[in-house]
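# A structural walkthrough
Here are the chains, one letter per residue:
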Amino acid sequence: MPWDDAPDLRGAELIHDQWAIDQALDRMAREITQDLGGRNPLILGVMIGGMIPAGRLLPRLDFPLEVDYVHATRYRNELSGEELVWHALPTTPIEGRDLLVVDDILDEGNTLAGIIDAFRSAGARSVRTAVLVDKRHDRKYQGLCADYVGLEVEDRYVFGAGMDCRGLGRNADGIYAIDQRIEQAAKTQQEPDTEER
Ligand SMILES: O=P(O)(O)OC[C@H]1O[C@H](OP(=O)(O)OP(=O)(O)O)[C@H](O)[C@@H]1O
Ligand SMILES: Nc1nc2[nH]cnc2c(=O)[nH]1
């Protein structure tokens, strides 16, 4: 694979190909259109990972809407999350607006929960959430679910379709899970034992 030169991405396993992603985005667009078509919603991509899912979803939404972004992060190039750090808020006024927050992945949910809270407090009329990927586990922040979900992944660190692994891999077509030895090593802060590859 072209990214086999990047040690963290070497040996990654394809979980969903680009065809599956496109099908999922088509379905999400239909669901979103049913709920928000005619409401002139404000669509907010969550930078950086939400950039590609939002960019692929928007042309599928065939009704009047506005677009802005928010930049909040809690992983900062690591494989486990910490405090949510805000880098940018939308410049479009959100009071009284119907919002759709678009992100790449819902994992533990702290990122989306923080964003939803901030926008509700700022007076949004409604805040909906769309994620390309929902990670299956029972560690969700207050049981949070997204309103629109593209695909599910098992409880492994994934990259591609906007998602990075230590800064790389966002541009990969398809969704890949990193080698479990690399993920395990990150959890225990050791060098991965991948010599035979
Ligand atoms: O559900 P959570 O456990 O909170 O994790 C999900 C968040 O983690 C990633 O962002 P990250 O902080 O890595 O920033 P990025 O968008 O720049 O990749 C991803 O883009 C989501 O926003
Ligand atoms: N790229 C990426 N970002 C995440 N943020 C939370 N979980 C993940 C994950 O599995 N992959």
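Keep in mind that what you see is a predicted model, and the values were worked out from it rather than measured.

In this section: the pairing of strand 5 (residues 98–106). Counting buried positions along strand 5 gives eight out of nine residues, so the element sits mostly inside the fold. Relative to strand 5, strand 2 (residues 42–47) is paired through four bridges, and the arrangement is parallel. Bridge assignment links isoleucine 43 to a residue of strand 5, and that residue is leucine 100. Taken together, the eight bridges between strand 5 and strand 6 (residues 126–135) define a ladder with parallel strand orientation. By the bridge assignment for strand 6, valine 102 is matched with alanine 130.

Before going further, it helps to examine the packing of aromatic side chains. This model, assessed by the stated rule, comprises one aromatic pair. Between the aromatic rings of phenylalanine 159 and tyrosine 176, the centroid separation amounts to 5.5 Å while the plane-to-plane angle is 15 degrees, which identifies the pairing as stacked. On the criterion of sequence distance, the pair formed by phenylalanine 159 in strand 8 (residues 158–159) and tyrosine 176 in strand 9 (residues 175–177) is long-range, its members being 17 residues apart. Note on accessibility: phenylalanine 159 and tyrosine 176 belong to one class, buried.

Here we come to the site of ligand 2. By nearness alone, every residue bordering ligand 2 is listed as Tyr75, Ile105, Asp107, Lys135, Arg156, Tyr157, Val158, Met163 and Asp164. One of the side-chain nitrogen or oxygen atoms of tyrosine 157 is found 3.3 Å away from a nitrogen atom of ligand 2. Relative to its unbound accessible area of 270 Å², ligand 2 is 93% covered by the protein chains. Taken together, the residues that form the shell around ligand 2 break down as five nonpolar, no polar and four charged.

Turning to the UniProt feature "domain: Phosphoribosyltransferase" (unreviewed entry) in the protein chain, a few remarks are in order. Under the feature "domain: Phosphoribosyltransferase" (unreviewed entry), the UniProt entry names residues 15–142. What you have in residues 15–142 is 30% helix and 30% strand, and the ends, taken at the C-alpha atoms, are 27 Å apart.

Of all hydrophobic cores here, the largest spans 25 residues; its most connected members are Ile32, Leu57, Leu100 and Ile175. Put simply, the parts of the chain that give this core at least two residues each are helix 1 (18–36), helix 2 (51–57), strand 5, strand 6, strand 7 (148–153) and strand 9. Here this core gets seven residues from one element, more than from any other, and that element is helix 1. Contacts of isoleucine 32, omitting those with residues within four sequence positions, involve Gly37, Leu57, Leu61, Phe63, Leu100, Ala130 and Tyr148. Core analysis: the second largest hydrophobic core is formed by 19 residues, Leu42, Ile94, Ile116 and Ala124 among them.

The next point concerns the sheet that holds strand 9. If you trace the three strands from one edge of the open sheet to the other, you get 1-9-8, paired in antiparallel fashion. Looking at strand neighbours, the two that pair on one side only are strand 1 (13–16) and strand 8, the edges of this open sheet. Pairing analysis gives two bridges linking strand 8 to strand 9, with the strands arranged antiparallel. Its bridge partner being in strand 9, valine 158 is matched across the sheet by alanine 177.

Below, the discussion takes up the sheet that holds strand 2. Taken in spatial order, the six strands line up as 4-3-2-5-6-7 in an open sheet, and their pairing is mixed. With partners counted over all chains shown, the strands left at the sheet margins are strand 4 (85–88) and strand 7, one partner each. Each strand axis lies, on average, 25 degrees off the axis of its neighbour in the sheet, ignoring direction. Of the strand pairs in this sheet, strand 6 and strand 7 are connected by five bridges, and their pairing is parallel.

Each value, and the rule that gives it
Residues numbered from 1 in each chain as written. Chains lettered and ligands numbered in written order. Predicted model: local features only at pLDDT ≥ 70, side-chain atom pairs only at ≥ 80, totals over all residues. Heavy atoms only, no water. Buried < 20%, exposed > 50% of the residue type's maximum accessible area, 1.4 Å probe, protein only. Helix = DSSP H or I, 4+ residues; strand = E, 2+ residues; numbered from the N terminus. Pairing = 2+ DSSP bridges. Phe/Tyr/Trp six-rings, centres within 6.5 Å; stacked < 30°, edge-to-face > 60°. Near = heavy atom within 4 Å. Polar contact = N/O pair within 3.5 Å; in protein donor to acceptor, adjacent residues only side chain to side chain. Areas by Shrake-Rupley, 256 points an atom, 1.4 Å probe, with all protein chains shown as cover. Nonpolar A, V, L, I, M, F, W, Y, C, P; charged D, E, K, R; others polar. UniProt positions renumbered as here; feature names shortened; annotations may be inferred. Core = buried A, V, L, I, M, F, W, Y, C linked by side-chain atoms within 4.5 Å. Contact = heavy atoms within 4.5 Å. Axes fitted to C-alpha atoms, helices over the stretch in contact; angles between N-to-C directions.

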